[in-house]
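Now for the letters of each chain:
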Amino acid sequence: MHRLFLTFFLHLAIAAAALAQTTATLRGQVRDEQGNPLPGASISLITEKKGAICDDQGRYAIEVPAGRPVLVQISFVGTLPYEETVQLEPGSVRELNVKLRFKTLKIVDVEGQQQRRQTETGVQPLDPRRTRFSPTPQGGVESLLYGQMGVTMRNELSAGYTVRGGNYDENLVYVNDMEVYRPFLVRSGQQEGLSFPNPDMIERIEFSAGGFEARYGDKMSSVLDIRYKRPKEFAGSAMVSLLGAAFHLESPMLNKRLRQVTGFRYRTNQFILQGQDVQGEYRPSYTDLQTYWTYDLTDRTELSFLGLYSSNIYRVVPQNRETEFGPFNMPLQFTVYFDGQERTAFQTWTGAIGLNHQARKDLLLKFMASAYSTHETERFTVQGQYFLDELDRDLSSDTFGEAIRNLGVGTYLDHARNTLDARVVTFAHKGFLERDNRFLQWGADVRTEVINDQLSEWTLIDSADYSIPLNQGEDLLLNQTLKSRIDLQTVRTSAYVQNTWRWDNGQGRWWSLVAGLRGQYWSYNQQTVISPRARLTYHPAWKSVQENGDTVDNDFNFWAATGYYYQPPFYREMRRLDGTLNPDIRAQRSIHFLLGMDRKLTIWDRPFKFTTEAYYKYMDDLIPYEVDNVRIRYYGTNNAKGYAVGMDFKLGGQFIDGIDSWMSLGVMSVQENLLDDFYYLRFNAAGDTIRPGYTFDQVAVDSARVEPGWIPRPTDQRVTFSMFFQDEMASNPTYKVHLNLVFATGLPFGPPNAERYADTLRTNVYHRIDIGFSKQLLGAKGQEKTNFLKNIHDMWVSIEVFNLLNINNTINHTWVTDVSGNQYAIPNYLTPRRFNLKFIAWF
């Protein structure tokens, strides 16, 4: 009997040892995002149908099969489950500590789906609430683009921006699926006034710097997609400052079936403009009224209306100007005395009606009709009498800094009487069909454009008592003249279809492909363009184990995008420098190639996101142009090809706990080659190149033809760095600081009325810091409010300092000629240091 028991226990010990060699132990602790233990959390071996429960400290231990993959799922009520495949050696012990993310009322699910959609489509979400605290003179939604990848803004008075080597006209802007247009006759940033989007009315903003979807229109650079609010409760805001005022109301009515949001804005840059070199009487006035209504006809059908009226009027009576420039060894002073005045006015009316019908749970149909009308006038007659003097640079001299020698004197007379009327009517349809792993979108539109343009402008230059060009006989020859009358009516039709495919591979890994095709036909040149576009995104769901044993998702995303981006001419691109239209004009084309990645990471125990993207854009059928301030003068012919290549980097997150900030760096090269440009070099008998005004022997005996080849485009800005930073007092968070910093290398420019290859000079480096200091007056936590103040949810006062370091940034140049025929480029500076006081209230 003893032998029998001994044999039985021996076999049992051998079996237990064998079993121990085929299993391993998995143990650890489960906590929430804030680090709190989760007692009762479930640990499940999905492939083994086996599980365990965490103890009061959130700790667990479970035996798992060794030598083969086992899918482990860790879950807890109200959090997102965590999954990981483990493969352990026999008899080993693995520590797996996990933090589970909250899932409260599906908010996390919704946000996660939204973030995934933005990653799939390549758009960057922007927070419209930050516009009220962004310290910029312009104050529109464009201020949110500071620090975004690929974006450059060099004029604080303008809403215009360039993206990866494009110009102001190459950016798409949509408000509720309706395309927004810039003014046609604008010459300078101070003339623009208010841009279309009203920040108080915006619910969502998304931006793409390239490689965007086929559902967006035909422009070569970027897209800014804006969606107005559909309010769920009564609210409003009011703002007043030294630069203007704004007010908005939003409310639901009729049991929330009828909703409206209405905003009014008034702005004047008089205080800002008075600090410029040109002294005078500035009287700018910019007003804007918008309203957006939606009404539920049925539970599945919604009717909407968007209306806008804006009036941007700029008036100035210039008096004098004094600008000092040049290096220390030859300081110069440019003095001008003015007569005359300037008045520009842009009046715009916009109306849009939409009908949205939810035909099925997975099918949405949209029908839209919109009308846009603008009346623009430009009137100025300004005479300037100028003096170009050399200043005394001798520090020991009694006349240091004063004029000691006159280099040139003259008079110029600028005159213009320009009028433009434009009307655009659009009918459009969009459809959306969403299935489990697919999202199909399609659309079509028809657009009629009527433009009536009357140009009459000329310039007379009188230098040292003779006119340039030299007049002989009775005729008065002007330096520059432009007279034309254009009546244009065209029709455009476009259509697109695109689909999104999604593949989830388990354990958090997924792929997506967004591919589409769009086409456009223009009646003016009978051209049809076809644009295929695609974007592939991969989320590998890589995980890592931190020093404390926590297993976290590294949150990497990788993507590649390519596509054709045609830009058919609208109006200004087809108008030559002499004011006539080119009937053979064609659409410009840009082919995008993008590679990028982003990663969510933790720095200083705070969330951050790093994004980088490399791009190459091949462009042909380009229309060359020149940029003067914000005015773009096109050559009106497709005689160039080009390319843009570069990389962008962005780091955003909570540099200060609970407050978002970001910074971006971009490096880029943008070149073009005009296909029909050339010039001749002339040589004298000594073999020296003849340079008028410099070479002694001006008699040419030989010449050589030179083809310039690749030259920088007007937007070739090699390096840009931007930062938006926020901070608050740790002991009193009602005090906050907001800072914008911009650094950008110079842009190419050259003498007026010259060929493009002559633009070999570079403007000075652009660098600017704007800062705002804010104090919360009402709405702080624990603050008591009485009487009518109890209806105010939040109230702030801000003091803003624009151009904190008072740096002279150059926007363009005025060219003058001295008595020896030498040309001088006098810089026209942007605004100096200015202050603004602002009150904001939300109710």
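Owing to the predicted nature of the structure, the values given are computational and were not obtained by experimental measurement.

### Notes on the nonpolar core
Okay, so step 1: Grouped together as the largest cluster of nonpolar side chains are 32 residues, with contacts concentrated most on Leu145, Tyr161, Ile205, Phe207, Leu224, Ile226 and Tyr228.
Okay, so step 2: Secondary structure elements with two or more residues in this core: β12 (171-175), β14 (202-208), β15 (222-228), β21 (301-325) and β43 (735-744).
Okay, so step 3: Apart from residues lying up to four places away in sequence, leucine 224 is in contact with Leu126, Leu145, Tyr161, Leu172, Val173, Tyr174, Ile205, Glu206 and Phe207.
Okay, so step 4: Listed in part, the 24 residues of the second largest apolar core include Phe184, Phe570, Met574 and Ile632.

### So, the confidence of the model for the chain
Okay, so step 1: Residues with a pLDDT of 70 or more make up 91% of the chain, whose mean pLDDT is 87.
Okay, so step 2: Every residue in residues 104-111 is under pLDDT 50, and counting partners more than four places away or in other chains gives six contacts.

### Section: the side chain of asparagine 167
Okay, so step 1: Its place among the elements puts asparagine 167 in the loop between β11 (162-163) and β12.
Okay, so step 2: Separated by 2.8 Å, the side chain of asparagine 167 and the backbone nitrogen of aspartate 169 make a polar contact.
Okay, so step 3: Discounting chain neighbours no more than four positions away, the residues touching asparagine 167 are Tyr161, Thr162, Tyr625, Ile632, Tyr634 and Thr715.

### Re the environment of aspartate 487
Okay, so step 1: Mapping aspartate 487 onto the fold places it in strand β27 (residues 480-506).
Okay, so step 2: Contact partners of aspartate 487, with chain neighbours within four places excluded, come to Ile451 and Asn452.

### As for the sheet that holds β14
What links the strands of a sheet is backbone hydrogen bonding, and the strands pair in either a parallel or an antiparallel sense.
Okay, so step 1: What the five strands build is an open sheet, ordered β9-β14-β15-β12-β13; its pairing is mixed. Of all the strands in the sheet, just β9 (124-126) and β13 (178-179) have a single pairing partner and so form its edges.
Okay, so step 2: As judged from the six bridges shared by β14 and β15, these two strands associate in the antiparallel manner. Counted as the bridge partner of isoleucine 205 is isoleucine 226 from β15.

Calculation rules
- Each chain carries its own residue numbering, running from 1 in the direction its sequence is written.
- Predicted model: local features are reported for residues with pLDDT of at least 70 only, side-chain atom pairs are reported and counted for 80 or more only, and whole-chain, interface and lining totals are derived from all residues.
- The side-chain quantities take in all heavy atoms of the structure and omit both hydrogens and water.
- Residues belong to one nonpolar core when they are buried, are Ala, Val, Leu, Ile, Met, Phe, Trp, Tyr or Cys, and are joined through side-chain atoms within 4.5 Å.
- In this scheme, a residue with accessible area under 20% of its type's maximum is buried, one over 50% is exposed, and one in between is partly exposed, where area comes from a 1.4 Å probe on protein chains only.
- Secondary structure counts use DSSP, requiring at least four H or I residues in a row for a helix and at least two E residues in a row for a strand, with both numbered from the N terminus.
- Here, two residues are considered to be in contact whenever any of their heavy atoms come within 4.5 Å of each other.
- The quantity called pLDDT is the predictor's confidence in a given residue, expressed from 0 to 100.
- Identification of polar contacts relies on pairs of N or O atoms within 3.5 Å, with a donor-acceptor requirement for protein atoms, meaning one able to donate a hydrogen and the other able to accept it, and with residues adjacent in sequence counted only if both atoms are side-chain atoms.
- Two strands are said to pair when DSSP picks up at least two bridges between them.

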